[in-house]
Amino acid sequence: MDYSAYKDLQIRQIESGILEIVMGEEGKLAVATARAHAEMARVWLDVDRDPDTRVAILRGAGKGFSAGGDFGLIEDIIRDFETRARVWREARDLVYNLINCSKIVISAMHGPAVGAGLVAGLLADISIAAKNARIIDGHTRLGVTAGDHAAIVWPLLCGMAKAKYYLLTCEQVSGEEAERIGLVSLCCEEAELQAKALEVARKLAAGAQSALRWTKSSLNNWLRMAGPTFDNSLALEMLGFTGPEVREGAASLREKRKPEFPPAPKDF
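Residues numbered from 1 in each chain as written. Predicted model: local features only at pLDDT ≥ 70, side-chain atom pairs only at ≥ 80, totals over all residues. Heavy atoms only, no water.

### Concerning the sheet that holds strand β2 (residues 17-23)
Condition: A pair of strands counts as paired when DSSP detects no fewer than two bridges linking them. Only DSSP runs of H or I covering at least 4 residues are called helices, and only runs of E covering at least 2 are called strands; the numbering of each starts at the N terminus. The axes are straight lines fitted to the C-alpha atoms, using for helices just the contacting stretch, and the angles between their N-to-C directions are given from 0 to 180°.
Reading across from one edge, β1-β2-β3-β4-β6-β9 is the order of the six strands in this open sheet, with mixed pairing throughout. For this open sheet the edge positions go to β1 (9-15) and β9 (186-188), each flanked by a neighbour on one side alone. For this sheet the average axis-to-axis angle between neighbouring strands, irrespective of direction, equals 20 degrees. In this structure, β1 lies alongside β2, joined through six bridges in antiparallel fashion. When the bridges of β2 are listed, I11 appears paired with I21.

Quick look at the structure:
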């Protein structure tokens, strides 16, 4: 499979049957630019079709796993209907393409884990977090619905009570706490993270591929059943990008201050 068209994702075969997908550059956090967002949505189609890949490892370069959306992209979503429609399609495709990818996906998260990267990180079949990982779903802090992946998977992983708490408050979840509540599969020291991901990948790459892929497909029916919930949350997120709350949320994040959201509409 030729991955040379990807520019924001660095993709290479690191061992027989094992593909590595790296977000960002060394020393920097991976930011979800317009191009990066589009690449994250379509890469799982190529991984699925890649005859040389049995397992894919997703990790972030440099200071962390992934940052949130690029401010320029957020402002374009707020202002422009065509951008909003395109990002809605990509956000939907990212979730469903990963769910439907037949190959096993492992995520290795360290430092900040936010935005589109977090979508893939938590929807991965095996999610491994460093103890210093800081998992944050900041949608409601931005002023929009937690719509990209939260409603489809957080309640299944950590239960409704914990899902509501973290999604409504936007409090960060450490790697250790994420493992404790079932939000991720495993937790380890950051220095051991890549080696642990590779250890698990080698074990899975050596396994019975039909049995593994059909097991994944069967288990992911739990996520497919939650598809209408996800579709609704994503549509409400996009609706939120047309309102006043996101404008204040984006401004406050850019200016690094506490937001002053407008009052809710009457009879809301």
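### Thoughts on unusual backbone geometry
Just so we agree on the cut-off: Exposure classes here rest on a 1.4 Å probe applied to the protein chains alone. A residue is buried below 20% of its type maximum, exposed above 50%, and partly exposed in between.
Here the phi dihedral of C170 falls at roughly 60 degrees; this positive angle occurs in a residue that is not glycine. In this fold, C170 is placed in the loop between α7 (160-169) and β8 (173-174). Here K256, not a glycine, exhibits a phi torsion of approximately 55 degrees, which is positive. In this structure, K256 sits in the segment after α13 (244-254). In this structure K256 comes out as exposed when scored by relative accessible area, which is 76%.

### Describing the environment of K203
Assignment of secondary structure puts K203 in helix α9 (residues 193-205). Using a relative accessible area of 70% as the deciding quantity, one classes K203 as exposed. Separated by 148 residues in the primary sequence, K203 and V55 have C-alpha atoms spaced 9.7 Å apart.

### Regarding the pattern of salt bridges
The test is simple: The working definition used for a salt bridge is a side-chain nitrogen of Lys or Arg within 4 Å of a carboxyl oxygen of Asp or Glu.
Under the counting rule described, the total for this entry stands at 16 salt bridges. A salt bridge links D8 to R35; its shortest N-O distance comes to 2.5 Å. Within this pair, whereas D8 is found in the segment before β1, its partner R35 is found in helix α1 (residues 34-49), the two being separated by 27 residues in sequence. According to the relative accessible area criterion, D8 is buried, its value standing at 19%. Residue class for R35 comes out partly exposed when judged on its relative accessible area of 48%. Where E20 meets R12, a salt bridge forms, and the shortest distance between an N and an O atom there is 3.1 Å.

### As for the packing of aromatic side chains
Selection criterion: Any Phe, Tyr or Trp ring, taking Trp's six-membered ring, that has another such ring centre within 6.5 Å forms a pair; planes under 30 degrees apart are called stacked, those over 60 apart edge-to-face, and the others tilted.
All chains considered together, the criterion is met by three aromatic pairs. Between the aromatic rings of Y3 and Y6, the centroid separation amounts to 6.2 Å while the plane-to-plane angle is 45 degrees, which identifies the pairing as tilted. When the centroid spacing of 5.4 Å and the interplanar angle of 85 degrees are considered together, the rings of Y96 and F230 count as edge-to-face. Here F230 lies in helix α12 (residues 227-240) and Y96 lies in helix α3 (residues 81-100), a separation of 134 residues in the sequence. We classify Y96 as partly exposed; its relative accessible area is 22%.

Remember that the coordinates give geometry; whether it matters functionally is a separate question.
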